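Report on the structure
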4 protein chains.
Amino acid sequence: MEALLKQILEDCRRYTEQGAVATYIPELAKADKSDFGICIVNEKNECFAAGDFEKPFTMQSIIKPMILLMALMDNGGEAVRRLVGVEATGKPFDSFNYSDLALIGEHINPMINTGAIALCTLIKGESYNERFNRLLALTRELSGNPLLQVDEQVYLSEKRTGNKNRALAYMLRAYGLISDDVEEVLECYFRACSIGVSTVDLARIGSVFAHGGVDRATGKRHFEREYARYVNAILMTCGMYDGSGEFALTVGVPAKSGVGGGVMASVPGRMGIGIYSPALDKKGNSIAGIKALERLSKELDLSIF
Amino acid sequence: MEALLKQILEDCRRYTEQGAVATYIPELAKADKSDFGICIVNEKNECFAAGDFEKPFTMQSIIKPMILLMALMDNGGEAVRRLVGVEATGKPFDSFNYSDLALIGEHINPMINTGAIALCTLIKGESYNERFNRLLALTRELSGNPLLQVDEQVYLSEKRTGNKNRALAYMLRAYGLISDDVEEVLECYFRACSIGVSTVDLARIGSVFAHGGVDRATGKRHFEREYARYVNAILMTCGMYDGSGEFALTVGVPAKSGVGGGVMASVPGRMGIGIYSPALDKKGNSIAGIKALERLSKELDLSIF
Amino acid sequence: MEALLKQILEDCRRYTEQGAVATYIPELAKADKSDFGICIVNEKNECFAAGDFEKPFTMQSIIKPMILLMALMDNGGEAVRRLVGVEATGKPFDSFNYSDLALIGEHINPMINTGAIALCTLIKGESYNERFNRLLALTRELSGNPLLQVDEQVYLSEKRTGNKNRALAYMLRAYGLISDDVEEVLECYFRACSIGVSTVDLARIGSVFAHGGVDRATGKRHFEREYARYVNAILMTCGMYDGSGEFALTVGVPAKSGVGGGVMASVPGRMGIGIYSPALDKKGNSIAGIKALERLSKELDLSIF
Amino acid sequence: MEALLKQILEDCRRYTEQGAVATYIPELAKADKSDFGICIVNEKNECFAAGDFEKPFTMQSIIKPMILLMALMDNGGEAVRRLVGVEATGKPFDSFNYSDLALIGEHINPMINTGAIALCTLIKGESYNERFNRLLALTRELSGNPLLQVDEQVYLSEKRTGNKNRALAYMLRAYGLISDDVEEVLECYFRACSIGVSTVDLARIGSVFAHGGVDRATGKRHFEREYARYVNAILMTCGMYDGSGEFALTVGVPAKSGVGGGVMASVPGRMGIGIYSPALDKKGNSIAGIKALERLSKELDLSIF
């Protein structure tokens, strides 16, 4: 298996030169385009990896399924569904393009910024600090890595330049979807996006989603099966920004990308996958990461369709 | 199994009273809201059915995966992909809401009217009559029902009132996505939408998609596995109009609905399902049909997530 | 005055080299970018002209105020207002960008294609041939030129390539704003757009609008003062496509442009102006024509603000 | 003249019962629907008034032409034009409905919130306090009323509930149209909207715009004629929110409404008008105010078309 992973990285390496690293968060612009790593954790909890699999990067949008999961665990599916819809929007992840009448929860989803920001308010906690800490704790637990922490440089960079997210959050508040202090909610969101991980962490988290909430190493159930399905279903339809349809076709598994260059995939019943290559296409997805996933999907017949 | 199907119909029967039958095609308005039938064809090619499973209705949008399949078989995936995109649009199936700049194939998909109309031009044939006949022949073949034919009343009704589709088709032509005579292309499309089927036919077609293009009765491969995945993937992300996200969550299998009240589902590796109940929700999906599928999915653990 | 007009043409001649002639109607692409003419008809019915003032070109969108006027004369202001709104749309003149809910008459106006096409159905007549002939007769009457006629080459070119207008017209019909045969309505519209005029004709028509419906030569009232105001008001807010705001600022008089390169202006109480230069900016307005109008407005203090 | 004004108020009084006072700023909800006043200041600087002409209310959007004027006086027309466009948007005044690509200054205008907020950054001053004070001073000067001041209750109410404007301002900042601190810019904007005036103040300000920047009482030129035209032209095309087209038709003069219930009109060469009646239509315009202006326009033949 490791030989296969190595081969795939080698064959797809030329794609790492395409696209560009994210620059709208200045700190992300420092990423090295040549970094390329992959890790898979299978149903026997075996872990295989290749390339820069231990290289740290920030989760960015990959935290969105974790925010959704925590909101589900804290409130149940109905409450989450009432606040935030589940349909694809046909628009970029940070779009302002709402008509006034249509701006209701029904027209956002947990994988776009407005949806994820709104769901932060459903995480339980006395303060937004506590809410964030609970989210971090859950992420550490699913990844099995108690050392996960916020990359302070990225967090500060994100906070300093996050005016578009501020605009989106004030819009949510203006329309009554959130009622908490916008800067506090965003503090939680920006810190969550800035959690540093490696492909190994993503593969482990993906593996828990792939096995219905159960950690195959310990047999422990972290959350209910229906929540895994909720998350996987939304990853399938909306996880890869406005490239989700293409990804369903060519790879065919639930996955979530982040502008930090990572992708986490969950292959139901089989494995979790983490991948990292920071150069992005125009939709915000890792180019080489997707190519490697396409190849892996073909080799191991991963598509669920 | 038949007992289960009967039980499900019984339990969901009250939903048949909600919503309304489609009226924008006058002929469809004659449907009987109390009709309710279901059929499944499993991996052993066993067929189970209950209720009004033999009641005929027209395919309407359920022909879209067949048009896509035929276009794939006639031209291969790349040519199809070049003409029509694969992303969810976040808009109703017959939306005019294109900004001028964005009206390129990339922003439509095979499950909305513009995409399906455009794909009719990729079906091979000397005339649009021949193209339609080849599409009908393929539909007969996959359903194993050589008697399938156009419901002339519905077809004429559709043709007479199809001005929105005319508008969409002229728009496609104005933007150079199609170059054939609009009325001829629409003739093919309207006739295709008007093919009469029963839930048994849909279950058999769904079963072929579920088994990668192979008819489990005869072992015959009708089309390549990758085309089944192409179709299934798009059904998952866009098959239930702008209710596809919700359906992925609650049912979790590729499916296509039509405003005639039918739903065809394909459960990869397991079964095809046909369902019929003509009262629709505002998005154009059969209300009782979806409820029955939710129930069936839970009972048989059908979700692929 | 003629010296001034000559001077203005000379000073603005360099602008005739910018932009490009319309090409979407193939016949219009044959226009000569170096043609440049102007004519004004003042309150004493004196006519002054310079440059290629007698050069013929087709009215194109400049027929829209005539269609609106005829609809007003045939039905009164209320009936016109009920069918077609009066607000600027913020979109190009041939935009498809309607959200489904919003596609009601209120969101179109008489100066965009959908509005003008819809208003053709309000012109009285047994047939669309008669309706067109009545419109032509009125145009001849206001211009004082009984020789005005359709440029058959442009008409045929327009008819052959007018798929976008077909799409718009079928959309109007799908939404119930028009109920007549689309091709017949468009026949009338395409012929109307193809009426050949010179700047002298436009100046004379503009003069009638400028003087509240009265022909200053004969003292004859062609139509009611309130209709002149209806037309002038809409020309001010929507007459120059989506460049109307800029034009109000820099020129400050009601005016209508056409993609044939003409502009007709009506300076209330003072004069009518016709101008011709076929190279257009991206919004569809004559570049040199607007520059000459800006200059003329400054020299003669024409702005009504 | 005063008899005419009284008659008009009497005849239009029944319209004060239609519509509703603005409630999105809680303090505005306290307005008395039965208040109805009018004032005109003509070219001889004579002042005529009737009804509740001295009743105070806040300017709200009527401050927008003042912000535009100050930006013009401080920077000239070109700099203003570079930052903020002049075309009607076809959308409500506080719309979020920007597509990402289109969100450039060209697609906003000085009469919608985003445009006015952006123009606040062009007012010169060491601090936003100084900028606001200069704007207040100019407003006092044009109205000839040195006692004008901020209504603190409305200002605080506006600041507390102004999340939509916060969202718009952060969006402007995210797209680089403004670079100052959002809360400081909004502080200036909210205070400006909360300046209390009466119809007399509005009529006097309108009169200065009507006479090209000259105060007819003193003969003093407050600003250049071209700035009066800039403002009047934009008031004509965009001054009455998305009811500007209708207003051009029925009243035919440049005017600006505010959700406080006031309307200021400028009749070029003739008079300024102030009117007050707090019940609004759905577009945010004073219902009885517009009816009274329609009547006045007919009686005095005010339409510039």
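Remember, it's a predicted structure, so these values are computed and weren't measured experimentally.

Looking now at the relation of the copies chain A and chain B. Turning chain A through 180° and shifting it by 0.0 Å along the axis lays it on chain B, with an RMSD of 0.0 Å. The transformation just described matches what one would write down for a two-fold rotation axis. Within chain A, the C-alpha atom positioned nearest to the axis of rotation is that of G90(A), 2.3 Å from it. Both copies share a contact surface, since 100% of the interface residues of chain A are interface residues in chain B too.

Moving on, we get to the pairing of strand β2 (residues 47-51) of chain C. Residues and elements named next belong to chain C. With five bridges connecting them, strand β1 (residues 37-42) and β2 associate as antiparallel partners. Considered in β2, the bridge of G37 is made with G51. The hairpin formed by β1 and β2 contains four residues between the paired strands, and N45 there has a positive phi angle of roughly 65°.

A volume near 810 Å³ is recorded for the second largest pocket. Taken together, 27 residues make up the lining of the second largest pocket; nearest its centre are E246(A), L249(A), T250(A), V251(A) and E294(A). Listed by contribution, the elements that provide at least two residues to the lining of the second largest pocket are α10 (244-250) and α11 (287-300) of chain A together with α2 (63-83) and α9 (225-238) of chain B. It is α11(A) that provides the largest number of residues to the lining of the second largest pocket, a total of six residues.

Here the focus is the environment of T89(D). Positionally, T89(D) belongs in the loop between α2 (63-83) and α3 (113-120). Since its relative accessible area comes to 15%, T89(D) is described here as buried. As for T89(D) and H107(D), which are separated by 18 residues in sequence, their C-alpha atoms are 6.8 Å apart. Once residues within four sequence positions are removed from consideration, T89(D) is found in contact with T89(C), G90(C), H107(D), I108(D), N109(D) and I112(D).

A separate point is the confidence of the model for chain A. Looking at chain A, pLDDT values average 94 and 96% of them are 70 or higher. Here the prediction assigns the complex a pTM of 0.94, and the interface score ipTM is 0.94.

Rules used in this analysis
Residues numbered from 1 in each chain as written. Chains lettered and ligands numbered in written order. Predicted model: local features only at pLDDT ≥ 70, side-chain atom pairs only at ≥ 80, totals over all residues. Heavy atoms only, no water. Least-squares fit on C-alpha atoms with pLDDT ≥ 70 in both. Contact = heavy atoms within 4.5 Å. Pairing = 2+ DSSP bridges. Helix = DSSP H or I, 4+ residues; strand = E, 2+ residues; numbered from the N terminus. 1 Å grid on protein atoms, 1.4 Å probe; cavity = no way out; pocket = protein on both sides within 12 Å on 5 of 7 lines; lining within 4 Å. Points joined across faces, edges and corners; volume = space filled by probe spheres on them. Buried < 20%, exposed > 50% of the residue type's maximum accessible area, 1.4 Å probe, protein only. pLDDT = per-residue confidence, 0-100.

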